[in-house]
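# Overview (structure and organization)
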2 protein chains.
Amino acid sequence: MNFTELVNKRQSTRKYAEKRVERDLIDKCLDAARLAPSARNSQPWSFIVLDDPKIIATVSEKAFSGIYKSTRFAGKAPALIVVVTEKADYITRIGNLIRNIKYSLIDIGIACEHLVLQAEELGLGTCWLGWFSARAVKKALNLPRSAKIDILISMGYPLDPDYRKERKRRSLGEIRHYNSAGK
Amino acid sequence: MNFTELVNKRQSTRKYAEKRVERDLIDKCLDAARLAPSARNSQPWSFIVLDDPKIIATVSEKAFSGIYKSTRFAGKAPALIVVVTEKADYITRIGNLIRNIKYSLIDIGIACEHLVLQAEELGLGTCWLGWFSARAVKKALNLPRSAKIDILISMGYPLDPDYRKERKRRSLGEIRHYNSAGK
């Protein structure tokens, strides 16, 4: 499968088979994330992989409830990856201030999409999750309150590997202009 | 080339051959970006592709000068992609506030890495640029001051396709823990 095919095949998977994900496959996905580029090579990420059903249940109970209940499907995934956004180095933080951008969020986007695409190639389904109680995740895992948990990724074998959701995207003509803003 | 190979092969390219990049290849890269996932499928991106040397020179003269001169190599790229971060929809913005995250930055990370990896597969070199004067870019392209230009991507055929830079990354053991924070 080449990259074009991979990108076309990737979709969010919200229903998982009751099958454990082998740790060597999870590690392959994390290794792809590890190699991602980042601002000043700051690599502002670390990953806590939950694959113990009891721990996933404890985390999920509070993290996906109340206003966050739309993501409670993730509690049924055989693996849940907690992405910790690490603090950038001093010079990158000065850059953040001057440019008024949090580069680490862009870096998390890059690294986790490496993870997601690697999973897709390995036959695994994933879903990006930005909507959950970070406070509840930190409490359940005994992480300090200062830890930044911006993203979780649920992972597992798709319950129905042949299921294809219709993909809704703006057309290329709508989002791309040559040499001017095109307006 | 499978995804693992692609991720291992990708590196930042800062020296480009004096060869125009065919627009159908640029469009393929943008099409890969177009298919990226985003928070609530908000697709908060559009792209202004500069491949007219005169326009690239005008933009570069001011955007990569002064404190930003470390990225002036990008002015010699045959193509420079200006990534416009679009405003998220109302509900996503409420989510931003509640979670205290700018999801659109994560989305830009995902989409642009699709672009970068697709380029790599097509034999093109790219470099992520976060360090430039966005004000100068907007002025040169007559974009409104309110436009958000967080990222540029330079693109071209690598001057030396065989050049391999040593890759410095933390090891997997340093960034991944199973079922606890591992401390």
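Structure shown above.
Notes on the structure follow.

## Overview of the nonpolar core
Counting residues in each nonpolar core, the largest one holds 68 residues, and the members touching the most others are Phe47(A), Leu115(A), Met155(A), Phe47(B), Leu115(B) and Met155(B). Setting aside anything within four residues of it in sequence, one finds Leu115(B) in contact with Cys29(B), Leu30(B), Ala33(B), Phe47(B), Ile81(B), Ile153(B) and Met155(B).

## Some details on the interface of chain B and chain A
On the side of chain A, 71 residues touch chain B, which itself brings 71 residues to the contact. For the pair chain B and chain A, the summed buried surface comes to about 6,200 Å²; carbon and sulfur atoms form 58% of the total. When the area that chain B buries against chain A is broken down by residue, the three leading residues are Phe3(B), Tyr178(B) and Asn179(B), summing to 12%. For the pair chain B and chain A, the interface holds two salt bridges. One salt bridge connects Arg176(B) with Asp27(A), and the closest N-O pair in it is separated by 2.9 Å. Put simply, the parts of the chain that give the side of chain B that touches chain A at least two residues each are helix H1 (3–9), helix H2 (23–34), strand E1 (45–50), helix H4 (90–99), helix H5 (103–121), strand E4 (148–156), helix H7 (172–175) and strand E5 (176–178) of chain B.

## With respect to a nonpolar patch on the surface
A cluster of nonpolar side chains, namely Ile67(A), Tyr90(B), Ile91(B), Ile94(B) and Ile98(B), defines an oily patch on the protein surface of about 530 Å² accessible area. Within the element layout of this structure, Ile94(B) appears in helix H4.

## A look at the relation of the copies chain B and chain A
Taken as rigid bodies, chain B and chain A are interconverted by a rotation of 180° and an axial shift of 0.0 Å, the fit giving an RMSD of 0.0 Å. Such values leave the two copies arranged in the relation of a two-fold axis. A share of 100% of the interface residues of chain B reappears at the interface of chain A, consistent with the copies meeting face to face through the same patch.

## Focus on the sheet that holds strand E3 (residues 125–129) of chain A
One open sheet holds the five strands; their spatial order is E3(A)-E4(A)-E2(A)-E1(A)-E5(B), and the pairing between them is mixed. Either end of the sheet is taken by a strand with one partner, and the two such strands are E3 of chain A together with E5 of chain B. Going across the sheet, the axis of each strand differs from the next one's by a mean of 20°, ignoring polarity. With seven bridges connecting them, strand E2 (residues 79–85) of chain A and strand E4 (residues 148–156) of chain A associate as antiparallel partners. In the strand pairing of E4(A), Val82(A) is matched with Leu152(A).

## A word on the state of the cysteines
Residue and element names in this part refer to chain A. A complete count under the given rule lists zero disulfides over all chains for this structure. Free of any disulfide, Cys112 has its nearest cysteine sulfur in Cys29, 11 Å distant. Cysteine Cys127 is unpaired, with the sulfur of Cys112 as its nearest cysteine sulfur at 13 Å. A residue is classified by how much of its surface remains accessible, and Cys127, at 2% relative accessible area, is buried.

## Section: a positive patch on the surface
Residue and element names in this part refer to chain A. There is a patch of like positive charges on the surface, built from Lys62, Arg135, Lys139 and Arg145. By secondary structure assignment, the location of Lys139 is in helix H6 (residues 134–140). Residue Lys139 is classed as exposed on the basis of its relative accessible area, which comes to 70%.

## Focus on the packing of aromatic side chains
How two aromatic rings sit relative to each other is set out by the distance from centre to centre and by the angle between their planes. Taken as a whole and assessed by the stated rule, the structure comprises three aromatic pairs over all chains. Considering the side-chain rings of Phe3(A) and Phe3(B), the 6.3 Å spacing of their centres and the 15° angle between planes classify their relative orientation as stacked. One end of the pair, Phe3(A), is in helix H1 (residues 3–9); the other, Phe3(B), is in helix H1, on a second chain. With respect to burial, Phe3(A) and Phe3(B) carry one shared label: buried. Sitting over the face of the ring of Tyr157(A), Lys19(A) holds its NZ or CZ atom 4.1 Å from the ring centroid.

## A few points about the sheet that holds strand E5 (residues 176–178) of chain A
With respect to topology, five strands assemble into an open sheet ordered E5(A)-E1(B)-E2(B)-E4(B)-E3(B), the strand pairing being mixed. Single-partner strands in this sheet number two, and they are E5 of chain A together with strand E3 (125–129) of chain B. Sheet twist, expressed as the average angle between the axes of neighbouring strands with direction ignored, equals 20°. Note: E5(A) against E1(B), three bridges, orientation parallel. Paired with Tyr178(A) across the strands is Val49(B), a residue of E1(B).

About the criteria used
- Residues numbered from 1 in each chain as written.
- Chains lettered and ligands numbered in written order.
- Predicted model: local features only at pLDDT ≥ 70, side-chain atom pairs only at ≥ 80, totals over all residues.
- Heavy atoms only, no water.
- Core = buried A, V, L, I, M, F, W, Y, C linked by side-chain atoms within 4.5 Å.
- Buried < 20%, exposed > 50% of the residue type's maximum accessible area, 1.4 Å probe, protein only.
- Contact = heavy atoms within 4.5 Å.
- Buried area = accessible area lost by both parts, 1.4 Å probe.
- Salt bridge = Lys/Arg side-chain N within 4 Å of Asp/Glu carboxyl O.
- Helix = DSSP H or I, 4+ residues; strand = E, 2+ residues; numbered from the N terminus.
- Patch = residues over 30% accessible without salt bridge, like charges linked within 9 Å, V, L, I, M, F, W, Y side chains within 5 Å.
- Areas by Shrake-Rupley, 256 points an atom, 1.4 Å probe, with all protein chains shown as cover.
- Least-squares fit on C-alpha atoms with pLDDT ≥ 70 in both.
- Pairing = 2+ DSSP bridges.
- Axes fitted to C-alpha atoms, helices over the stretch in contact; angles between N-to-C directions.
- Disulfide = S-S within 2.5 Å.
- Lys, Arg positive; Asp, Glu negative; His and termini not counted.
- Charge placed at Lys NZ, Arg CZ, Asp CG, Glu CD.
- Phe/Tyr/Trp six-rings, centres within 6.5 Å; stacked < 30°, edge-to-face > 60°.
- Lys NZ or Arg CZ within 6 Å of the ring centre and 35° of its normal.

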